[in-house]
Amino acid sequence: MPPFETRSSEFGLVSGIRQPKSDLVLAAEPSGLFTPEARKGQLYVVAEADQDVARGRDACQLVIRTIRRLFYEDSSYSVTSSLRKAISAANKALYEQNFSIAAQKRAAVGVTCAVVKGDDLYIAQVLPTQAFVLSSGKLRGMPPSSSWKLAQDAAVSFSTPSAIGASLSVEPEFYREVLHPGDALLICTSNLARRLGQDEMLQILRSPGPDDMADRLAAFCAQNDIPEAHGLAATITSALSPAAQAAPLSRAGISERGRVAARQASGWASRMTGEMALLLRGPQARRRKRQAETRSEQERRAETRLAELPEESPYSIAPTPAPQPLELGETLEERLDQERRERRKRIGAAPRRTVDPGELPPSAFLGEDDYALSQSERRVDLSDTPSMAAMGRSYRGTAPPPEPTPLNRLLLPLVWLADKATSISRRRRLRQRPPRAMPQRRRGEGLSYRRQGPQFPWHLLLILVLVVAAAVLYGLNLSREIAQRRATDTLDRAAQAVAAVRESGDDATAQSLLDAAAGALADVRSSGVVTATLENRQRYEELEREYERALAAIQKLTYFDDLSEIAQHPVVGGLFSSVVVPPPPQGITNTLAFTSIYLLDRNAGVLYRMPRDGGAIEPMLRPQDTVGPFVVGNIKSQAWREDNIVVVAQSGDSGPFVFYYRNGESWAYNTLAGSETWGRAGAHFRAVSYGGNLYIWDAGATPEQANQIQKYLSGNYGQFPDPWIKDSGGKSVENALDLAIDGNIYLLKADGHILVFEAGAFKREIVPQGISPPLGQVASFFVTGDLESGSIFLVDFNQRVIEIDKQTGALIQQVRARPDSPYRLEQLTSLFVDTSSVRPVLYLVNGGQILRGSLPDRPRPFRVPDATPSGTAQPAPTSAP
């Protein structure tokens, strides 16, 4: 049966942001055949502290590093013994650290360690971290409980006295499971485990792979507002692919089984080398190895005996037998009579009358007469002395030698030949004649009277080296041939999968075949055959381009070709909220403001600007700056008004809102009338300038103010605003996320639906259509063009930008960053579309960075031949006005 393979994926969530790696998770997987991870098993560790993340991270990392180092450095063959020693050492290290620091900085840590060795899973656990195993279709939680609810209640409790670092001793709980292909493992922190139900856990563990499990956990955390969570997901798969298992005599089956055979042959060669080296070292080395194996077997039996309860003896109803009477030997009277008879025979005296025991004088019992036993009646004690008996007990208690392994049975003839050769040489030396007078010979170097040892068997060592070298060369050649065949087979499978998508009859069939093509290309990337030869690289790139064409035609998915970073937040950890790019100046003489890009950090309330062609970022307006008699508060929104940038800021947490605009090279201001009654700005506060007028959304603490668009006429900011929405048409505008204006007013809902208003009344609703995968929760949007043309760009939290038709809502394309791109759109929150050039340019707000990329060409229809020659520029998309 082929060996198993373990695939794992880490999961980390910090402040609601998903991380590809977690500081609280360790995955020690083998990088070669002779590494400690391959010999002792793959180690996975997840730690959790009872303090916050900032103070508990150092303690968790200290525990994780200590457990990994001590586990693989321990010489014991027992996995549980090594885990126990490693956890004890980590507890001691953390306890010493806690002892030397202040009480408020101390931390206690819970940890779960999982070791996969062959088809066995060993788990050592110190609460509150949790582990879940799906084996043979059955879900098992660790620690076990009588019901799932009790298991969840147990997950939230952090028992500080029993945690690592709380005392000098710690007692972990151990579990063991036999793994099968298709089984899954999940280790996570307690705050995530207590929110997962049994049905949700089964759905997560039944995912196709560990990456899918991590994605589902991320989606679950986003739905339940879990800001912090860490864990590790792993799946058990067979070393052979499904195609090789189904067809053993196929080319793929033969190549994969050859690879497994080469791996086993290399392991056999290493063990053969160790056995031959042990054979050359002599019987003392073999005896020490047998003693080590005996100790290992005794430790294994002791652990088994401690882990399993003894069998209960059956109850016997038979009564306890009565004790046998004590045999005290002959009585004193009988001994006296026997002594008298023997004495009488020796001296020939007349027989004496029998004396009644009752007539004996008292001196007979005081030793005055000769009533002692004769020398002939003395018994000799041939039993062992106490020390000899103890030695016998210890010898009899020694465990029998372990059963020889198949390798030892294979080497048994060689060992017998070596012993035979040694005995023959010994007998030959014994048959030699005694020394006699011989002619004087020249004395060699050193002390000639000392006994010289046998010469080192150099010829045997040379033969062994040649045999091992030949085996290694053969294995390398075989491995190279298998790798080449495997590369060709992998590329052939990928080509067949992509061709099947292209040759499918309809879009539905092509959609079902896309997953198979993506899996085949993923196998090519993970196998490393891409960089094997230049031919493989060219062939893979052609398959990748063909797959992207099919993906763009079916799912309308395109990729940024020139995505680049143009700005990075000047403050470490800072996040941008929005970006504004000025349009081309038309009839304006002072164009200095058009040469910059404006960036807003709403969390800090700071407005930044930078050169349009790239350069240093500088703050333009900050809180505590003075404009006239006003002290600038936190800036809540920015907008472009014809010739310059404008912002809306709030003085204090509940003060009035002030409208700031540029007057030459300085700032001017106007207090927005009625804004002192708004209170605190809403989470989706947005200010938009159109036609010189100012439109504000989500302003005010009351529902009437928060769900109304406040309109300030141009230059009349000191007058009370006009509530713009007069007729909502029965549609709820509550909690709208964003506002955009192109003559009509657009309000974005959280589900991606867009409400369109005209002249203060509801006009229609735009529903996005044909999006695959389905649209989730959106963050913001951008509207281009005029009333009759243009597109709507949606920012999806699924790391994509979706372009839909402004009139029908039909999907035009969904744009992503390439998988091999250095940029990940994991914090994509806003965008700005610059339509001033031939090809629209997208400015993306991705956390603390601003990315820029050109809008790709619209996907061509499915199975339409490409009539444009390679390298010819495509026409500009019609989405730009």
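The structure contained in this document is the topic of the report that follows.

With that settled, the discussion passes to the overall build of the protein. Counting its secondary structure elements, the protein contains 17 helices and 38 strands. A total of 881 residues make up the protein; the buried ones form 40% of that total. Long-range pairs, those at least 24 residues apart, make up 59% of the contacts in the protein with a sequence separation of at least 6. A total accessible area of about 50600 Å² is found for the protein, and carbon and sulfur atoms account for 54% of it.

On to the packing of helix α6 (residues 198-205) against helix α7 (residues 210-223), then. Packing of α6 against α7 brings their axes to within 8 Å, and their N-to-C directions diverge by 145 degrees. The segment α6 lies against α7, with Glu 200, Gln 203, Ile 204 and Leu 205 engaging Met 213, Arg 216, Leu 217 and Phe 220. Looking at the contact of α6 with α7 residue by residue, the classes come out as five nonpolar, one polar and two charged.

Turning our eyes to something else, we now look at the sheet that holds strand β27 (residues 722-723). Pairing is antiparallel in the open sheet, where four strands are placed in the order β24-β25-β26-β27. Edge positions in the open sheet fall to β24 (686-690) and β27, since each of these has one partner strand only. With five bridges joining them, β24 and strand β25 (residues 693-697) adopt antiparallel strand pairing. The partner of Arg 686 across the bridge, within β25, is Trp 697.

Moving on: the packing of aromatic side chains. Inspection of every chain in the model, using the stated rule, returns 14 aromatic pairs. Ring geometry for Phe 71 against Tyr 72: centres 5.0 Å apart, planes inclined by 80 degrees, an arrangement best described as edge-to-face. Taking the relative accessible area as the measure of exposure, Tyr 72 reaches 11% and is therefore buried. Aromatic pair Phe 594 and Trp 640: ring centres 5.1 Å apart, planes at 70 degrees, arrangement edge-to-face. Here the residue Phe 594 occupies a position in the loop between β14 (578-580) and β15 (596-601), and Trp 640 occupies one in strand β20 (residues 634-641), the gap between them amounting to 46 residues. The exposure classification of Phe 594 matches that of Trp 640, with both residues buried. Three or more aromatic residues joined by ring pairs form one cluster here, namely Phe 657, Trp 678, Phe 685 and Tyr 712.

Further remarks concern the sheet that holds strand β37 (residues 841-846). Pairing is antiparallel across the open sheet formed by four strands, whose spatial order is β13-β38-β37-β36. The open sheet has two edge strands, β13 (564-568) and β36 (828-834), and neither has a second partner. For this sheet, the mean angle separating the axes of adjacent strands, direction not counted, is 25 degrees. The pairing of β36 with β37 spans six bridges and is antiparallel. Across the sheet, the residue bridging to Val 833 is Leu 842, located in β37.

Let us now look at the nonpolar core. Among the nonpolar cores identified, the biggest contains 33 residues, and Ile 597, Leu 599, Leu 831, Leu 842, Tyr 843 and Leu 844 are the most heavily contacted of them. Counting residues per element, the ones that place at least two in this core are β13, β15, β16 (606-611), β33 (791-796), β36, β37 and β38 (849-854). At five residues, β37 tops the list of elements feeding residues into this core. Sequence-distant contacts of Leu 831, that is, excluding residues within four places in its chain, are made with Ser 780, Phe 781, Phe 782, Phe 793, Val 795, Val 801, Leu 842, Tyr 843 and Leu 844. Ranked by size, the runner-up nonpolar core spans 31 residues in total, among them Ala 47, Ala 59, Leu 83 and Val 170.

Along the chain, the position of Gln 813 falls in strand β35 (residues 811-816). In this structure Gln 813 comes out as buried when scored by relative accessible area, which is 0%. One polar contact links the side chain of Gln 813 to the main-chain carbonyl oxygen of Pro 856, over a distance of 3.3 Å. Ignoring anything within four residues of it in the chain, the contact list for Gln 813 reads Lys 556, Thr 558, Val 801, Ile 802, Glu 803, Leu 855, Pro 856, Asp 857, Arg 858 and Pro 859.

This brings us to the environment of Gln 807. Following the sequence through the fold, Gln 807 ends up in the loop between β34 (800-805) and β35. Filtering out sequence-adjacent residues up to four positions away, Gln 807 remains in contact with Arg 764, Leu 787 and Glu 788.

A word on α6. For an α-helix the count is 3.6 residues per turn, leaving residues at separations of three or four pointing the same way. Met 201, Leu 202, Ile 204 and Leu 205 are the residues of α6 that are buried. Buried residues of α6 fall within an arc of 165 degrees about the axis and therefore sit on the same side. Opposite the buried face of α6, by more than 90 degrees, sit the exposed residues Asp 199 and Gln 203.

On to unusual backbone geometry. Cis geometry is adopted by the peptide bond preceding Pro 128, which originates at Leu 127 and carries an omega value of 20 degrees. For Pro 128, the location among the structural elements is in the loop between β6 (120-126) and β7 (130-135). The residue after Met 142, namely Pro 143, is reached through a cis peptide bond having omega 10 degrees. One can find Pro 143 in the loop between β8 (138-142) and α4 (148-156). Its identity as a non-glycine residue notwithstanding, Glu 642 has a phi of 60 degrees, on the positive side. Checked against the element boundaries, Glu 642 lands in the loop between β20 and β21 (644-650). The exposed category is assigned to Glu 642, whose relative accessible area is 58%.

With that settled, the discussion passes to a nonpolar patch on the surface. Residues Leu 280, Leu 460, Ile 463 and Val 467 make up a contiguous nonpolar surface patch of about 350 Å² in total accessible area. With three residues, the single largest contributor to the nonpolar patch is helix α14 (residues 458-502). Mapped onto the elements of the fold, Leu 280 is located in helix α9 (residues 251-281).

Counted according to the given criterion, the structure contains 21 salt bridges. Between Asp 120 and Arg 176 there is a salt bridge, and its shortest N-O distance comes to 3.0 Å. Here the residue Asp 120 occupies a position in strand β6, and Arg 176 occupies one in strand β9 (residues 173-178), the gap between them amounting to 56 residues. Among the residues examined, Asp 120 registers a relative accessible area of 15% and is labelled buried. According to the relative accessible area criterion, Arg 176 is partly exposed, its value standing at 46%. With a closest N to O distance of 3.9 Å, Arg 662 and Glu 665 form a salt bridge. The class of Arg 662 is buried, set by a relative accessible area of 14%.

Definitions and limits used
Residues numbered from 1 in each chain as written. Predicted model: local features only at pLDDT ≥ 70, side-chain atom pairs only at ≥ 80, totals over all residues. Heavy atoms only, no water. Helix = DSSP H or I, 4+ residues; strand = E, 2+ residues; numbered from the N terminus. Buried < 20%, exposed > 50% of the residue type's maximum accessible area, 1.4 Å probe, protein only. Contact = heavy atoms within 4.5 Å. Areas by Shrake-Rupley, 256 points an atom, 1.4 Å probe, with all protein chains shown as cover. Axes fitted to C-alpha atoms, helices over the stretch in contact; angles between N-to-C directions. Nonpolar A, V, L, I, M, F, W, Y, C, P; charged D, E, K, R; others polar. Pairing = 2+ DSSP bridges. Phe/Tyr/Trp six-rings, centres within 6.5 Å; stacked < 30°, edge-to-face > 60°. Core = buried A, V, L, I, M, F, W, Y, C linked by side-chain atoms within 4.5 Å. Polar contact = N/O pair within 3.5 Å; in protein donor to acceptor, adjacent residues only side chain to side chain. Arc of directions from axis to C-beta. Patch = residues over 30% accessible without salt bridge, like charges linked within 9 Å, V, L, I, M, F, W, Y side chains within 5 Å. Salt bridge = Lys/Arg side-chain N within 4 Å of Asp/Glu carboxyl O.

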